[in-house]
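Each chain, letter by letter, is given below.
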Amino acid sequence: MRRETQNILLVLLGGALLKISFSGLYLRYVQKSLLPLLIAAGVIMIGLALFAIVQDIRRGKAESEHDHDHSHSSRSTWLMLLPVLAVFLISPPALGGDVVNSAADTNQTQRSRNLLGELPSGDVIPLSMTEFVTRTAWDESGTLDGRRVKLTGFLLRAEGQTYAARLAISCCAADARPLKVRLGGDVPSLPDEQWVEITGQVVPKSANEQNSWVPSFTVESFTSVPEPVEPYES
Amino acid sequence: MTITGEIRSSKRRSGGPRLKITSLEVLCGILVLALLFQSRLVDLLDVPKLRTASTVFVAICVQAMPFLVLGVLISGAIAAFVPASALRRLLPSKTALAVPVAGVAGVALPGCECASVPVAKRLMQQGVAPAVALTFLLAAPAVNPIVLVSTAVAFNDTPMMVVARFAGSLLTAMVMGWLWVRFGKMEWIAERALARMADHTGRSKWAVFAESARHDLVDAGGFLVLGGLFAAAFKTFVPVAWMQTLGGQIVLGVIVMALLAVILALCSEADAFVAVAFSALPLLPRLVFLVVGPAVDVKLIALQAGAFGKSFAFRFAPATFVVAILCAVVSGVVLL
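Conventions adopted
- Residues numbered from 1 in each chain as written.
- Chains lettered and ligands numbered in written order.
- Predicted model: local features only at pLDDT ≥ 70, side-chain atom pairs only at ≥ 80, totals over all residues.
- Helix = DSSP H or I, 4+ residues; strand = E, 2+ residues; numbered from the N terminus.
- Contact = placed C-beta atoms within 7 Å.
- Core = buried A, V, L, I, M, F, W, Y, C linked by C-beta atoms within 7 Å.
- Buried ≥ 20, exposed ≤ 12 C-beta atoms within 10 Å, placed from the backbone.
- Nonpolar A, V, L, I, M, F, W, Y, C, P; charged D, E, K, R; others polar.
- Pairing = 2+ DSSP bridges.
- pLDDT = per-residue confidence, 0-100.
- Right-handed = clockwise from strand over helix to strand, strands pointing away.

**Details of the overall build of chain B**
On a plain count of helices and strands, chain B comes out with 17 helices and zero strands. Restricting to contacts in chain B with at least 6 residues of sequence separation, those with at least 24 account for 86%.

**What to know about the nonpolar core**
Membership of the largest hydrophobic core comes to 182 residues, with the highest contact counts inside it found for Cys172(A), Val62(B), Leu68(B), Val288(B) and Val292(B). Tallying contributions element by element places helix 4 (residues 48–81) of chain B first for this core, with 19 residues. In this view, Leu68(B) contacts Cys114(B), Ala115(B), Leu217(B), Ala220(B), Gly221(B) and Leu224(B); residues no more than four positions away in its chain are not counted.

**Observations regarding the interface of chain B and chain A**
The partner chain A presents 68 residues to the 70 residues of chain B that form the contact. Those elements giving two or more residues to the side of chain B that touches chain A turn out to be helix 1 (3–15), helix 2 (23–36), helix 3 (38–44), helix 4, helix 12 (205–237) and helix 14 (271–277) of chain B. Among the residues making up the side of chain B that touches chain A, the classes are represented as 44 nonpolar, 16 polar and ten charged.

**Description of the pairing of strand 4 (residues 177–185) of chain A**
Residue and element names in this part refer to chain A. The pairing of strand 3 (residues 161–168) with strand 4 spans six bridges and is antiparallel. The residue bridging Ala165 from the neighbouring strand is Lys180, located in strand 4. Sheet topology note: the strand 4/strand 6 (residues 216–224) ladder contains four bridges and is parallel. Its bridge partner being in strand 6, Leu183 is matched across the sheet by Phe217.

**Some details on the confidence of the model for chain A**
When the pLDDT values of chain A are averaged, the result is 85; 90% of them are 70 or greater. In this model, residues 62–72 of chain A is a region of pLDDT below 50 whose contacts with residues beyond four sequence positions or in other chains number 19 contacts.

**Here's the deal with the pairing of strand 2 (residues 148–158) of chain A**
Residue and element names in this part refer to chain A. Strand direction decides the pairing type here: strand 1 (residues 124–126) and strand 2, joined by three bridges, are parallel. Its bridge partner being in strand 2, Val124 is matched across the sheet by Arg148. Each parallel crossover has a hand, and for strand 1 linked through helix 6 (residues 129–138) to strand 2 it is right-handed. Strand direction decides the pairing type here: strand 2 and strand 5 (residues 195–202), joined by six bridges, are antiparallel. For Lys150, the partnering residue across the bridge sits in strand 5 and is Thr199. Pairing analysis gives five bridges linking strand 2 to strand 3, with the strands arranged antiparallel. Following the sheet pairing, Leu155 is matched in strand 3 by Ala164. Linkage of strand 2 to strand 3, two consecutive antiparallel strands, is achieved through a turn of two residues, within which Glu159 is found at a positive phi near 50°.

And the structure:
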């Protein structure tokens, strides 16, 4: 591959990283904390390419011939075009129902000391899906029983049941862990993958090992909402 | 570097017929075609499984790129600012003794496996013995503080997991280093990996730094993408639901988790969170998952084949796989 082509590819790839960073689309792929690193990586890629282009122009091509005396074909470099095309043309969506349905490890949460503290007071408590599922699985004192909570997730139907689901990531979408809650009561009759905010109460002691820790939730009211800017919990 | 042939051919071309297609025209052609058929392309990928695969693919690339950039910057800095003699003075002269030093030095590279491949290659080019560079390559992604902290967070119920992971990974790296001292052959490593940088007299150190980093990035970037493609395909199309049923079968569990670590190619900073989710399995298979993952996975094999050549990667990767399983089991039996 020509050196000029390599540099253009680097600029494109760096540009793709900056594009998803500044448009917020990076949250579909990686965790929020990676943002500074993504921007730095994009800027450095473009910088290295521009530096090489400027040097080549200043030196003139004939001279640079003497600097490099070993060559090998680098066809693999062409592959760098794939993420560029994927980001600019396809812009893959955030992971959704497909991952939750095929997952082996739904609602695997961890007992964690700081998570099982007192619930805040108030009529409706907004909770992350992670915290809700963790409490239903681990908290035997039943702090959630009788409390009205608000969850955000997308709808999913499987085996005649309706679920509200959400994915949590710790690094990137490749390590997504699915979380889901079985819905009862006023079940939203909206299409699958529609994001909703649901308010209601947990059915006490409904999460157990037999149902892979999927708690039941009695929906009292729901509103459909657009996909959150941060589609994953962390 | 790759440009020699290109420039010669461009010189030749200037005298001859002008209608020769170079990579530049090919690139423009691909871009125009992709733009023209964009909507067709999007429709084609509008199948749940393919959508998931494309998201995972982009996620792996996006997640790994900053660490690859970090790796090539360190590699460039070594090329420009660290003379080979300084490295020689730093390391014990006997290779067998330098191996453990390199293993422990891995603690200092805070990144995942993508960063360590270009650095290890550069160390070899600067005259560090391959065994020592390879030990560093295997140790760095597994024993650095970021990885250990994330393991501790994930396994907050079983803190010994962190110790066992550290011991297992360090042992793997050192055993591989010593095995290379005993059995390794230089001719397995592609010549281009060992070729010293051309003499850069007359160029500023910063220019050497930038050019080395750029060259490494272009070289490794494609292989990283290749690894991401494989990992996304495996992650999406290999069903893992039956894994939870392995339960108590410990030997089978160890083998399956080791294979899973290879095909999932998770970042070493995140794999602990995935391992903790396999709660139906005992701790030992999950430790094997954590020790094998940073040492050998499809993304790393692609990167290694790119950096050191195919004949190296096809020997090194299976050997590392076996050694990593054994070291993880030893470490797990002693510590867990």
